[in-house]
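So the chains spell out like this:
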Amino acid sequence: MNIFNIEQIKEINNIIKLNFIQGNDVYDKESVKTSDVKFVNYGKIQKYISPFVEFCLTANNNFFGFDLHPLTTLKKLNYNIYEEGTEYNWHIDAVPRDPVRDIKLTALLNLSEETYDGGDLVLFRSSEIICNEFNTPGSAIIFPSYINHKVNKITSGKRLTLAIWMSGPKFR
């Protein structure tokens, strides 16, 4: 689904870049991840991305029905920078060993300001599903965090995405 136009994308990127915070990227060590990741607190960009968050909550209500914790202003969001030659191989975002909560939904917003080649988001549900509609700047996608997925290698250009992992009480 397309949520933002190019002017809004540029504004969101500028606000994010002004508000980077320190953090460490914790990724699936069994996978190859060569993209760069920066971090921003949700509260610093909340008013700029509210249509994206509304899209996520509506999608959860209509399609997934997960119990989710509210997003807090201190929640750390990932700003993913994929440049030529970078990728993220097959992985899941769920963290099954957490004793208190589960990451239930992965929500991605395409914040690319320029066209790029490669970098397809691919989900695996008994076969590979290439999410071509997510290649459009301003588009968003949401899926359960336990679904295996990857980002194919960028062959030219730069792909920028914002990731929100929505968590909730442990699955029972």
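This report concerns the structure included in the present document. Here the structure is a predicted model, which is why all the values come from computation and not from measurement.

It is worth spelling out the packing of aromatic side chains at this point. Two aromatic rings are characterised by how far apart their centres lie and by the angle between their planes. Per the stated rule, a full pass over the model turns up 5 aromatic pairs. Summarising the aromatic geometry, the rings of F64 and F66 are spaced 6.0 Å apart at their centres and angled 15° between planes, so their arrangement reads as stacked. The exposure class of F64 is partly exposed, given its relative accessible area of 27%. Ring plane angle 70° and centroid distance 6.3 Å describe the contact between Y146 and F171, whose orientation is recorded as edge-to-face. Taken as a pair, Y146 in the loop between β9 (140-144) and β10 (148-151) and F171 in the segment after β12 (158-169) lie far apart in primary sequence, 25 residues in all. According to the relative accessible area criterion, F171 is partly exposed, its value standing at 40%. The structure contains a cluster of three or more aromatic residues connected by ring pairs, namely F64, F66, Y146 and F171. K76 extends its terminal NZ or CZ atom over the ring of F39, reaching a point 5.0 Å from the ring centre. Of note, K104 hangs over the ring of F171, and the distance from its end group to the ring centre comes to 4.6 Å.

The subject of this paragraph is the pairing of strand β3 (residues 76-83). Counting buried positions along β3 gives 6 out of 8 residues, so the element sits mostly inside the fold. Here strand β2 (residues 36-41) pairs with β3 via 6 bridges, running antiparallel. Across the sheet, the residue bridging to D36 is I81, located in β3.

Strand order in the open sheet made by the 4 strands is β4-β10-β7-β8, with antiparallel pairing throughout. Edge positions in the sheet fall to β4 (88-91) and β8 (128-130), since each of these pairs with one other strand and no more. Neighbour-to-neighbour, the strand axes of the sheet open up by a mean angle of 15°, direction not taken into account. Pairing analysis gives 4 bridges linking strand β7 (residues 121-124) to β10, with the strands arranged antiparallel. Note that in β10 the partner of L123 across the bridge is H149.

Counting 29 residues, the largest nonpolar core has I49, F52, L111 and L162 as its most contacted members. Within the residue set of this core, elements represented by two or more residues are α1 (6-18), α2 (42-45), α3 (50-64), β3, β5 (101-110), β9 and β12. If one sorts the elements of this core by residue count, α3 sits on top with 5 residues. Excluding anything up to four places from it in sequence, L162 contacts I16, V40, I45, I49, F52, L77, N78, Y79, A107, L108, L109 and L111. Core analysis: the next-biggest nonpolar cluster, separate from the first, contains 14 residues, L108, Y116, F134 and I147 among them.

Residues three or four positions apart in an α-helix share a direction because the helix packs 3.6 residues into each turn. For α3, built from 15 residues, the straight-helix expectation of 21 Å at 1.5 Å per residue is met to within 8% by its first-to-last C-alpha distance of 20 Å. Among all positions in α3, only F52, V53, F55, C56, A59 and N60 are buried. Mapping the buried residues of α3 onto a view down its axis gives an arc of 155°, with all of them on the same face. The exposed set on the far side of α3, more than 90 degrees from its buried face, consists of N61 and N62. Structurally, α3 contributes buried residues whose contacts are with α2, β5, β9 and β12. The first or second residue beyond α3 is G65, which carries a positive phi of 70°.

Reading the values: rules and limits
Every residue gets a number counted from 1 within its own chain, in the order that chain's sequence is written. In keeping with the model being predicted, local features are shown solely for residues with a pLDDT of at least 70 and side-chain atom pairs are shown and tallied solely at 80 or more, while totals for entire chains, interfaces and linings include all residues. Heavy atoms throughout the structure, all of them, feed into the side-chain values; hydrogens and water do not. Each aromatic pair joins two rings of Phe, Tyr and Trp (for Trp, the six-membered one) with centres within 6.5 Å, and gets the label stacked for planes under 30 degrees apart, edge-to-face for over 60, and tilted for any other angle. Here the term buried applies to any residue with accessible area under 20% of the maximum for its type, exposed to any over 50%, and partly exposed to those in between, with areas from a 1.4 Å probe on protein chains only. A run of H or I in DSSP counts as a helix once it spans at least four residues, and a run of E counts as a strand once it spans at least two, with each numbered from the N terminus. To sit over a ring, a charge needs its Lys NZ or Arg CZ within 6 Å of the ring centre and within 35 degrees of the ring normal. Whether two strands pair depends on DSSP finding at least two bridges between them. Structural elements are reduced to axes, namely lines fitted to C-alpha atoms, with helices fitted over the stretch in contact, and the angle between N-to-C directions of any two is expressed from 0 to 180 degrees. Residues grouped as a nonpolar core are buried Ala, Val, Leu, Ile, Met, Phe, Trp, Tyr and Cys residues, joined through side-chain atoms within 4.5 Å. Between two residues, a contact is recorded if the distance between any of their heavy atoms is within 4.5 Å. Each residue after the first adds 1.5 Å to the expected span of a helix. What the arc covers is the set of directions going from the helix axis to the C-beta atoms.

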